[in-house]
Amino acid sequence: MRRFWLLISLSLIASMVSTPALAAVKAGTICSSKGQIKKVSGYKYTCVKSGTKLVWSKGVKVAAKGTPTATNTPIPVGPLSLNNLQGRLDEVINSAWLQASKKIGSSATTLGTTQILVGPNTTEDNSNSLESLNLASRLFEGFPQVKNLYLIKFSSKDIDWAQKQYEQLSPNNYDPNAARNQCASSNGCVGAMAGINTSGDGVVFMGQGGGYIGAPTIKGLTRAQNGLIIAHEYFHTIQMINASCRGGRGCYGEAPQWLLEGGATWSAAVARYSDNYDDYLLERNMTLNNHYSNAASIYTSDYINQFLNPNPIFLPNQDNWKHWSKYNPREVYVLGFMVSEILASIKGPDSLIKLYADIGSGKSFVEAFQGIFGLSWAEACPIISEAIAIGLKQGIKK
């Protein structure tokens, strides 16, 4: 059987390259370095990615010193805590994104050697996965990340090929029907999963060419095409490697399921759109759209509190996630997204992985939470639930 192996060795992102001093700066014209800022004639221009090109953004008027001017960048807010959360969910959205954006902007990638394996009959949904992977890596710089990452991409024509690659890498959550399961949906091969193996390598398994629910998203691209799916799955490997207790088998299952999936969903969105707050809001609102529309009838604070499970008892080698099996599977992604956003706004994005690192060192989720946030999970859960319920009811999206 033919195998297409694409080996990509990564190094740290090169330093920013400046455009020539005399180059014209106008909205829509080509620039050379993403994130670069130029101020011309009282307007600030930012180098952003549009399709496959880097172009200057629409100019934003720079106010004279001491004169406030509205911009698309959120204004820093006062300190948030679990004790002053109510009525401030709009500030939470701003604060969480802003802290993540600053972390990514000031960090270097620690992404390890990445091998991208593409099926012989498969066309990639996104051939620039490295961009999203590097952004994801920078968000959690300072925490252990896998030294080797294997990314397997396959379509319905390459199911057997993909299963064989997956079997050779043998992640700890190995499934003998993994490839077929990722293509079982009527929408095609839309599934994805991640794991780590006994060598500590990350393995990401991604179906290609399917019709993802909610497509298209930002700028006409699906979540697979714009890099959100690969970023989400890579975050799982960070969660897992930081909770790699019990001989590498992992104890990430001793944290709530909503933290695993919701944390990865929020982190992927904020990393992918760390340079564009408006696009982040578009993705956020699309993710939460159904919850906003059904908030009054379903998403009461009592419902959310029961879902989050304020008194979890998580034990080694047990099915600690059976509590969530009675809910719609999407809830762990969406309500988990909002909880992760709140936690990140209070203690920064690092807190989402610190919870896993503390669990990996032997603490329970309850112990880890109180150590980081200074309040017991049983006390914090109703506060968080009420804040989310109010925000959904009010339609806070800004």
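Only a predicted model underlies this, so the values are computations on that prediction, with no experimental measurement involved. (Residues numbered from 1 in each chain as written. Predicted model: local features only at pLDDT ≥ 70, side-chain atom pairs only at ≥ 80, totals over all residues. Heavy atoms only, no water.)

J.: Is there a simple way to explain the side chain of Thr237 in this structure?
T.: Position of Thr237 relative to the elements: it lies in helix 5 (residues 228–242). At 2.6 Å, the side chain of Thr237 and the backbone oxygen of Tyr234 are in polar contact. Apart from the residues lying within four places of it in its own chain, the contact partners of Thr237 are Val146, Ala194, Gly195, Ile196, Gly202 and Val204. (Helix = DSSP H or I, 4+ residues; strand = E, 2+ residues; numbered from the N terminus. Polar contact = N/O pair within 3.5 Å; in protein donor to acceptor, adjacent residues only side chain to side chain. Contact = heavy atoms within 4.5 Å.)

J.: Looking at this structure, I do not really get the packing of aromatic side chains. What am I missing?
T.: Counting across every chain of the model gives 16 aromatic pairs. Ring centres of Trp258 and Phe365 lie 6.3 Å apart, and the angle between their planes is 85 degrees; this geometry places the pair in the edge-to-face category. Taken together, the residues span a long stretch of sequence, with Trp258 in helix 6 (residues 257–272) and Phe365 in helix 11 (residues 365–373) at a distance of 107 residues. For the pair shown, Trp258 and Phe365 are each scored as buried. (Phe/Tyr/Trp six-rings, centres within 6.5 Å; stacked < 30°, edge-to-face > 60°. Buried < 20%, exposed > 50% of the residue type's maximum accessible area, 1.4 Å probe, protein only.)

J.: What should I look at first to understand the pattern of salt bridges in this one?
T.: As a working rule, side chains carrying opposite charge can pair if their charged atoms are close by. Under the criterion given, the structure shown has seven salt bridges. With a closest N to O distance of 3.3 Å, Asp160 and Arg180 form a salt bridge. Here Asp160, found in helix 3 (residues 159–169), pairs with Arg180, found in helix 4 (residues 178–182); they are 20 residues apart in sequence, far enough to count as distant. Relative accessible area serves as the criterion here: at 49%, Arg180 is assigned to the partly exposed category. (Salt bridge = Lys/Arg side-chain N within 4 Å of Asp/Glu carboxyl O.)

J.: Where do I start with the side chain of Ser137 in this structure?
T.: Relative to the assigned elements, Ser137 resides in helix 2 (residues 129–139). Not counting residues within four places of it along the chain, the set of residues in contact with Ser137 comprises Thr109, Thr110, Leu111, Gln145 and Tyr234.

J.: Whenever I open this one, unusual backbone geometry confuses me. Can you help?
T.: Note: most peptide bonds trans; most residues except glycine with negative phi. Phi at Ser170 is positive, roughly 45 degrees, even though this residue is not glycine. Structurally, Ser170 is set in the loop between helix 3 and helix 4. Phi at Asn309 takes a positive value of approximately 65 degrees, unusual for a residue other than glycine. With respect to the helices and strands, the residue Asn309 is situated in the loop between helix 8 (301–308) and helix 9 (331–347).

J.: Could you clarify how one ought to interpret the packing of helix 1 (residues 89–106) against helix 7 (residues 277–293) in this entry?
T.: The relative placement of two packed helices comes down to the angle between their axes together with the axis-to-axis distance. Relative to each other, helix 1 and helix 7 sit at 120 degrees, their axes nearing to 11 Å. Judged by the inter-axis angle, helix 1 sits oblique to helix 7. Of the two possible hands of crossing, helix 1 and helix 7 adopt the one that is right-handed. Contact with helix 1, carried on its side by Ile93, Asn94 and Trp97, involves Tyr277, Tyr280, Leu281 and Arg284 of helix 7 and no other residues of that element. Its residues placed into classes, the contact of helix 1 with helix 7 shows five nonpolar, one polar and one charged. (Axes fitted to C-alpha atoms, helices over the stretch in contact; angles between N-to-C directions. Parallel < 35°, antiparallel > 145°, perpendicular 65-115°, else oblique. Left-handed = near helix turned anticlockwise from the far one by under 90°. Nonpolar A, V, L, I, M, F, W, Y, C, P; charged D, E, K, R; others polar.)

J.: Quick question: what am I supposed to make of the confidence of the model for the chain here?
T.: Parts of the prediction with low pLDDT should not have their coordinates interpreted in detail. For the chain, the mean per-residue pLDDT works out to 84, and 86% of the residues sit at or above 70. Confidence drops under pLDDT 50 across residues 1–23; counting only partners more than four residues distant or on other chains, this segment forms 47 contacts. Segment residues 63–71 is flagged for pLDDT under 50; beyond a separation of four residues in sequence, or across chains, it makes five contacts in the model. (pLDDT = per-residue confidence, 0-100.)

J.: Explain the state of the cysteines here, please?
T.: Simply put, disulfide is the name for a covalent bond between the sulfur atoms of two cysteines. Tallying each qualifying case throughout the model produces one disulfide. Across a sulfur-sulfur distance of 2.0 Å, Cys183 and Cys189 are joined as a disulfide pair. One quick way to see it: the torsion about the S-S bond of Cys183 and Cys189 is about 110 degrees, and its sign makes the bridge right-handed. The same class applies to Cys183 as to Cys189, namely buried. (Disulfide = S-S within 2.5 Å.)

J.: Hey, could you run me through the nonpolar core in this one?
T.: It is characteristic of soluble globular proteins that their nonpolar side chains tend to be buried jointly. By size, the foremost hydrophobic cluster in this structure holds 97 residues, and its most contacted members are Phe235, Trp258, Tyr280 and Ile384. With 10 residues, helix 9 is the largest single contributor of residues to this core. If near-sequence neighbours (up to four positions away) are discounted, Ile384 is found in contact with Leu82, Leu85, Leu308, Val339, Ile342, Leu343 and Trp377. (Core = buried A, V, L, I, M, F, W, Y, C linked by side-chain atoms within 4.5 Å.)

J.: Is there a simple way to think about helix 9 in this case?
T.: Spacing of three or four residues puts side chains on the same side of an α-helix, whose turn is 3.6 residues. Helix length check: helix 9 (17 residues) gives 24 Å between terminal C-alpha atoms against 24 Å at 1.5 Å per residue, within 8%. At Phe337, helix 9 is deflected by roughly 25 degrees, the largest bend along its length. Of all the 17 residues making up helix 9, 15 are buried; the element is thus mostly covered by neighbouring parts of the structure. In the segment just after helix 9, Gly348 is the residue with positive phi, at about 85 degrees. (Expected span 1.5 Å × (residues − 1). Bend = angle between axes of the 7 residues up to and from the residue.)

J.: Can you walk me through the packing of helix 7 against helix 9 in this structure?
T.: At a minimum axis separation of 10 Å, helix 7 and helix 9 run at an interaxial angle of 130 degrees. By the angle between their axes, helix 7 is oblique relative to helix 9. The chirality of how helix 7 crosses helix 9 is left-handed. Across the interface between the two elements, Tyr280, Arg284, Thr287, Leu288 and His291 of helix 7 pack against Glu331, Val334, Leu335, Phe337, Met338 and Glu341 of helix 9. Looking at side-chain class alone, the contact of helix 7 with helix 9 contains six nonpolar, two polar and three charged residues.

J.: Explain the environment of Ala378 here, please?
T.: Along the chain, Ala378 falls in helix 12 (residues 377–394). For Ala378 and Asn309, which are 69 residues apart along the polypeptide, the C-alpha to C-alpha distance reads 8.6 Å.

J.: Explain the environment of Asn328 here, please?
T.: Structurally, Asn328 is set in the loop between helix 8 and helix 9. A polar side-chain atom of Asn328 sits 2.9 Å from the main-chain amide nitrogen of Arg330.

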